[in-house]
Amino acid sequence: MSWFTQTVTSSLGKKYIMALTGLLLGGFLLVHAAGNATILLGRTDFLSYARRLHSLGLPVTIAEITLLLLFCIHAVTGLVLFYRNHQARPSPYAVSRRAGGRTWGSATMAWTGIAILCFIVLHLTNFYFADHRRSLADIVGGILDNPLYSALYCAGLLALTLHISHGFWSMFQSLGLNHPKYDGLIGTCRWILCGSIVGVFLTIVILLLIKRNYLA
Amino acid sequence: MTAPTITITIKIWRQAGPDVQGSFEEHTLRDLDVDMSLPEMLEVLNEQLTRQGKIPVAFDHDCLEGICGMCGAVVDGVAQGPEEKTTLCQLYLRHFHDNQTITIEPFRARAFPIIKDLVIDRSAFDRIIQAGGFVSVNTGAAPDGNVLPVARHLAEQAMDAAACSGCGACVAACPNAAAMLFVGAKISQLALLPQGRPERERRALSMVRAMDREGFGSCGNERECEAVCPKGISIRNIARLNREFLRASLAADETV
Ligand code: HEM
Ligand code: SF4
Ligand code: FES
């Protein structure tokens, strides 16, 4: 086995992969949230942002393929880890109590990951694979004025919040970046990033539910 | 003056051998001295079982002073019991209340097979140490005491890591049955000191590979290990292990 295969197939190597792909996925989320924030400015601004983004052409396609690859690598590696970790304790404890380390976020990483996966399938069907003869603003408005979709999108955001509430800190630890000097900074960034990403998306979902013709 | 006593009901895991099905057994013990430790309570139970003509509970211990790391069990769902930074032998009945029911089960992990009742086979840790948890020293005359300068703060950190007794509670408490806190401590105690530097990369690669061979899970950074460790080993040692392995994987000249 080459040194590279040996590294990425080791237990620590899989965690480096999770951390790096998780970091890049998080970076995408930040850009995605910033772009979608134009929805808050109204139909014209949103459409002109979308038009300018898609007029970039090839770079957008490359970014899409990279993103898909990152996503698949992260999800597959995550599920492999989940399965292996399950195998590492074949008979569970009769009584099991948290000793103080575990959080809701950390305890549900695989489940929130699977929920995000399902959400992305729904999300892509709703928008990416939608009939693009209609304008994007109409597509978005048409989906998010439906309370059922609003609820599903809120559930997706809840899963995302839990996932990154643990994932953000965990990523640094997995890459060996844990030092008393940076505890405070990492802790603050974790909540600012988590709050701003989820905040923007949640505001859009709620806004489009209450003001149904906002994007019309 | 007589010491206060309490009555405890224990639900304890009984398993006759490695490959047989185990189950819980319930026993009530009366008039126990509150200053008894958990292993001492198990001795009382065993006397009671012997008098009844039953087979006593097998459990491990050695020093009974919280030093050696031989004792260990999961008490009411927490490895080494609900008190912070204590081994099983430093957990006393005064930490429980009268008529309490306590559930006692062995550490559970695929890499730590149960031998009998509460006794588990922790030789997986020995094999990880054999893979690289040492420094090679030339024989001959002892070197001068102070020939290698060691910064005080590094000596302290190395000493903190070296406190790990290999008890295995970190594996027992980890939701993924990972051995990262143990291996992190063992890597750190050597990586921090000049004597450990020459074999640093080989050590990181070999020990992680040995750990993976034993079938431990991988770290989810949930910090349950740190919360139960009787020696207070910090997960910063796990971060150091992640760094050491990354560095060795990317930059080692030797192949292992
Ligand atoms: C936008 C989406 C996502 C982002 C931003 C994200 C981010 C992260 C981050 C930063 C980590 C921490 C990595 C570490 O501990 O070093 C992580 C862990 C994890 N992710 Fe994701 N993730 C996303 C989607 C998913 C999906 C779709 C799955 C699929 C099942 C998933 C499954 C997991 C699992 C199982 C872990 C825990 C790995 C472990 O510690 O064993 N994630 N994620
Ligand atoms: S790190 Fe702590 S819990 Fe784990 S084996 Fe060492 S002393 Fe025991
Ligand atoms: S018997 Fe030695 S630490 Fe408990």
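As a starting point, this report considers the structure included with it. (Residues numbered from 1 in each chain as written. Chains lettered and ligands numbered in written order. Predicted model: local features only at pLDDT ≥ 70, side-chain atom pairs only at ≥ 80, totals over all residues. Heavy atoms only, no water.)

1. Quick look at the overall build of chain B
Then, number 1: Counting its regular elements, chain B contains eight helices and seven strands.
Then, number 2: Taken over the C-alpha atoms alone, chain B extends approximately 65 × 45 × 35 Å along its principal axes.
Then, number 3: Out of the 256 residues in chain B, the part that is buried amounts to 54%.
Then, number 4: Residue pairs at least 24 apart in sequence account for 70% of intrachain contacts in chain B once pairs closer than 6 positions are excluded. (Helix = DSSP H or I, 4+ residues; strand = E, 2+ residues; numbered from the N terminus. Buried < 20%, exposed > 50% of the residue type's maximum accessible area, 1.4 Å probe, protein only. Contact = heavy atoms within 4.5 Å.)

2. Comments concerning the nonpolar core
Then, number 1: Core analysis: the largest hydrophobic core is formed by 58 residues, its most contacted members being B:Val171, B:Val183, B:Met211 and B:Phe216.
Then, number 2: At seven residues, the largest contribution of residues to this core is made by helix H5 (residues 180–191) of chain B.
Then, number 3: Composition of this core by domain shows at least three residues from each of domain 1 (5–105) and domain 2 (122–139 + 147–255) of chain B.
Then, number 4: Residues A:Leu29, A:Ile139, A:Val140 and A:Cys194 belong to the second largest nonpolar core, which totals 28 residues. (Core = buried A, V, L, I, M, F, W, Y, C linked by side-chain atoms within 4.5 Å. Domains from an automatic or database assignment.)

3. Section: the coordination of the iron atom of ligand 1
Residue and element names in this part refer to chain A.
Then, number 1: Taken together, the protein ligands of the iron atom of ligand 1 are His 74 (NE2) and His 163 (NE2), with distances of 2.0 Å.
Then, number 2: Geometry at the iron atom of ligand 1 is octahedral, judged from the six donor atoms that bind it and their angles of 87 to 179 degrees at the metal. Pair noted here: His 74 is in helix H4 (residues 58–87) and His 163 is in helix H8 (residues 147–174), with a separation of 89 residues, a long-range link. For the pair His 74 and His 163, a shared accessibility class is recorded, and that class is buried. (Donors = N, O, S within 2.8 Å, 3.2 Å for Na, K, Ca; no water. Tetrahedral: all angles 85-135°; square planar, octahedral: opposite > 155°, others 65-115°.)

4. Re H8(A)
Given 3.6 residues to a turn, an α-helix orients residues that are three or four positions apart in the same direction.
Residue and element names in this part refer to chain A.
Then, number 1: A rise of 1.5 Å per residue sets the reference length of H8, with its 28 residues, at 40 Å; its end C-alpha atoms lie 39 Å apart and thus fit the reference within 8%.
Then, number 2: Remark: the principal bend of H8, roughly 30 degrees, maps to Gly 167.
Then, number 3: With a side-chain oxygen positioned 2.9 Å from the backbone nitrogen of Leu 148, the residue opening H8 is Asn 146. (Expected span 1.5 Å × (residues − 1). Bend = angle between axes of the 7 residues up to and from the residue. Polar contact = N/O pair within 3.5 Å; in protein donor to acceptor, adjacent residues only side chain to side chain.)

These values are about where atoms sit, not about what they do.
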